[in-house]
Amino acid sequence: MSSPVSANTSTAVEAAIDIRRLHYGKLVDATTGAVPSQSGYEVTRRSFDLDPSLVGHLSPARLIGRRRFDPDAIETSALRSGCFVARTTAYDATALMRARFRPEDGENGGARRHQQSSVWVVAFDDWRRFPAACLAIAAGHLRADPDLAAETAAVRLAETPSRWRFQNLDVDRARAVLLRDAWGCDMLEFFLDAASSDAAACLDFDARDFANERDFLAAAGFALQSLSSSYPRWRDVSVACGLAYPAPGVCLRYSPDHALPGALSDAA
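Attention in this report is confined to the structure presented alongside it. What you are looking at is a predicted structure, and each value in this text was computed from that prediction instead of being measured. (Residues numbered from 1 in each chain as written. Predicted model: local features only at pLDDT ≥ 70, side-chain atom pairs only at ≥ 80, totals over all residues. Heavy atoms only, no water.)

### What about the overall build of the chain?
Phase 1: Counting secondary structure elements, the chain contains nine helices and nine strands.
Phase 2: Whereas a compact globule of 268 residues would reach a radius of gyration of roughly 18 Å, the chain reaches 19 Å, a difference of no more than 12%.
Phase 3: If one aligns the C-alpha atoms of the chain with their principal axes, the spans along those axes are about 55 × 45 × 35 Å.
Phase 4: Buried positions account for 48% of the 268 residues belonging to the chain.
Phase 5: Counting only contacts in the chain whose residues sit at least 6 apart along the sequence, the fraction spanning at least 24 positions is 72%.
Phase 6: Considering the chain, the positive charge centre built from 30 side chains and the negative charge centre built from 34 side chains are found 4 Å apart. (Helix = DSSP H or I, 4+ residues; strand = E, 2+ residues; numbered from the N terminus. Rg over C-alpha atoms; globule rule 2.2 N^0.38 Å. Buried < 20%, exposed > 50% of the residue type's maximum accessible area, 1.4 Å probe, protein only. Contact = heavy atoms within 4.5 Å. Lys, Arg positive; Asp, Glu negative; His and termini not counted. Charge placed at Lys NZ, Arg CZ, Asp CG, Glu CD.)

This is the structure in structure tokens:
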């Protein structure tokens, strides 16, 4: 299907969000992309004003809601880029994470793999007000890339937060976009049903619904933008892509591995 976003669907309301970062994994050589022999796991990049008490809540395992994060958590089609999860965590913070397992001898290597994650942190109120922008920015820019060993720790661990400016959509315009397609009605109904319960719930989409992750995240952004600020389960909302199981809470999930070419042919 085509992307749900077009030049005719936006209204010009200027807004901005601040994004703080936390990277965890191993440092790499700038020339070879390989992990130096003495390099171990560590926080490799951190915004200088990131609350230290929040850091423990930003591990991949915590964000996917499991005791461990291992390669089986990532669907086959997402192994190289990593899985994506967005959800609200502790201290009124919302995390957007990309996490994967990367060869220690470089992107195309065959050595053992190491965990690599990049987490963006935004204020919960910004997530609730601007979910479409948060997901669109993450779709275009959030990557689980390692930091370079040549860069000093003083620079990597004292980064200034990034400020992103954008044109925001209002609730009515977002809802109008949703009602044009079946996926939009499905998402709205899903959130309506979830509002009357405190149970976990998941609505799955695959390659028959969206051609790629970027299109899905755009659609999910429109769905979340259509929710009012008084929606009772905002803190339970999660969005996941390439994750082998639902993220905690009220989850919209994109799982392209569930629609293999044979399945598409059968459905045609």
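Picking up after the structure, the text goes on.
### Re the nonpolar core
Phase 1: Residues W127 and F216 are the most contacted members of the largest nonpolar core, which totals 48 residues.
Phase 2: With residues up to four places along the chain from it excluded, the contact list for W127 reads A86, T88, T94, V122, C134, L135, L224, W234, V237 and V239.
Phase 3: L22, L50, A78 and C251 belong to the second largest nonpolar core, which has 25 residues in total. (Core = buried A, V, L, I, M, F, W, Y, C linked by side-chain atoms within 4.5 Å.)

### As for unusual backbone geometry
With the exception of glycine, most residues fall at negative phi, and the peptide bonds are largely trans.
Phase 1: Not every positive phi belongs to a glycine, and Y91 is a case in point at roughly 55°.
Phase 2: In this model, D92 sits at a positive phi of 55°, which is unusual for a non-glycine residue.
Phase 3: Within the secondary structure, D92 sits in the loop between strand 3 (83–88) and strand 4 (93–103).

Bear in mind that shape data such as this cannot, by itself, settle questions of function.
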